[in-house]
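This is what each chain is made of:
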Amino acid sequence: MIDKLDAVFAALADPTRRAILAMLLEDDMAVTDVAEPFEMSLAAISKHLAILSRAGLISQERRGRVKWCKLEPDALRDASVWMQGFGQFEPVNLDAFERFLRQELGGRGACPDHHD
């Protein structure tokens, strides 16, 4: 479980990956759509997606010619359980997690607001 926790926390440590997770809270997205708001190459986004995928935070599947990304919210469960061990954290609530991500990324413009 420790290796899995390390992968989850390492994945969450990067602001680009947190922005990607916030985007995927809304719906599944094609890799090219995930890459669109970022000023980096598709190859760089693919590396971020691979890290999120290895951590179990997202899954990727090919549908025809398009590769799609999907949030895997249960991947945060082990991290949530681990944090609860300190007695200061509640179980991960996806709505609260979304609000946290939006607050974290709000001033940077890296994550579009899909609730307009």
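Below is a summary of the structure that appears in this document.

Quick notes on the rules
- Residues numbered from 1 in each chain as written.
- Predicted model: local features only at pLDDT ≥ 70, side-chain atom pairs only at ≥ 80, totals over all residues.
- Heavy atoms only, no water.
- Salt bridge = Lys/Arg side-chain N within 4 Å of Asp/Glu carboxyl O.
- Helix = DSSP H or I, 4+ residues; strand = E, 2+ residues; numbered from the N terminus.
- Buried < 20%, exposed > 50% of the residue type's maximum accessible area, 1.4 Å probe, protein only.
- Patch = residues over 30% accessible without salt bridge, like charges linked within 9 Å, V, L, I, M, F, W, Y side chains within 5 Å.
- Areas by Shrake-Rupley, 256 points an atom, 1.4 Å probe, with all protein chains shown as cover.
- Pairing = 2+ DSSP bridges.
- Contact = heavy atoms within 4.5 Å.
- Axes fitted to C-alpha atoms, helices over the stretch in contact; angles between N-to-C directions.
- Core = buried A, V, L, I, M, F, W, Y, C linked by side-chain atoms within 4.5 Å.
- Expected span 1.5 Å × (residues − 1).
- Arc of directions from axis to C-beta.

Here we come to the pattern of salt bridges. In this structure the tally under the stated criterion is 3 salt bridges. Notably, a salt bridge pairs Arg 63 with Asp 28, separated by 3.1 Å at the nearest N-O pair. Remark: Asp 28 occurs in the loop between α2 (15-26) and β1 (29-30) and Arg 63 occurs in strand β2 (residues 58-63); sequence separation between them is 35 residues. Since its relative accessible area comes to 36%, Arg 63 is described here as partly exposed. For Asp 28, a relative accessible area of 24% corresponds to the partly exposed category. Arg 77 is the salt-bridge partner of Asp 74, the closest N and O atoms lying 3.0 Å from each other. Overlapping salt bridges, with partners in common, bring together Asp 28, Glu 61 and Arg 63 in one network.

Right, let's get into a nonpolar patch on the surface. Nonpolar side chains collect at one region of the surface, where Phe 9, Trp 82 and Phe 86 lie side by side and expose about 310 Å² of accessible area between them. With respect to the helices, strands and loops of the structure, Trp 82 is situated in helix α5 (residues 77-84). Trp 82 sits in the partly exposed class, given a relative accessible area of 38%.

For the rest of this paragraph, the subject is the sheet that holds β1. Consider a sheet: its strands pair through backbone hydrogen bonds, and that pairing is either parallel or antiparallel. Spatial ordering of the open sheet is given by β1-β3-β2, a layout of 3 strands whose pairing is antiparallel. Whereas interior strands pair on both sides, the edge strands pair on one side only; in this sheet they are β1 and β2. With 2 bridges connecting them, β1 and strand β3 (residues 66-71) associate as antiparallel partners. Residue Met 29 lies in a different strand from β3, and its bridge partner there is Cys 69. Each of β1, β2 and β3 touches α2; the most contacted strand, β3, lies at about 90° to it. Its contacts with the sheet place helix α4 (residues 42-54) against β2 and β3, and it is angled at close to 120° to β2.

Before going further, it helps to spend a moment on the nonpolar core. Within the largest apolar cluster, 30 residues are counted, with the highest numbers of intra-cluster contacts made by Ile 20, Leu 21, Leu 24, Val 34, Leu 49, Leu 52 and Leu 57. Those elements that place two or more of their residues in this core are α1 (2-12), α2, α3 (31-35), α4, β3 and α6 (94-105). The biggest single contributor to this core is α2, with 7 residues. Once residues lying within four places of it in the same chain are set aside, the contact partners of Leu 24 are Met 29, Val 34, Ile 58, Cys 69 and Leu 71.

This part is about the pairing of β3. Sheet topology places β2 next to β3; 6 bridges connect them, and they run antiparallel. By the bridge assignment, Arg 62 is partnered in β3 with Lys 67.

Here α4 contains 13 residues, and its C-alpha end-to-end distance of 18 Å stays within 8% of the 18 Å for a straight helix at 1.5 Å per residue. Where α4 is concerned, the buried positions are Ile 45, His 48, Leu 49 and Leu 52. Buried residues of α4, viewed axially, fall in a sector of 100°; they line one side. For α4, exposure combined with an orientation more than 90 degrees from the buried face picks out Ala 43, Lys 47 and Arg 54. Within two residues after α4, Gly 56 carries a phi angle of roughly 80°, on the positive side.

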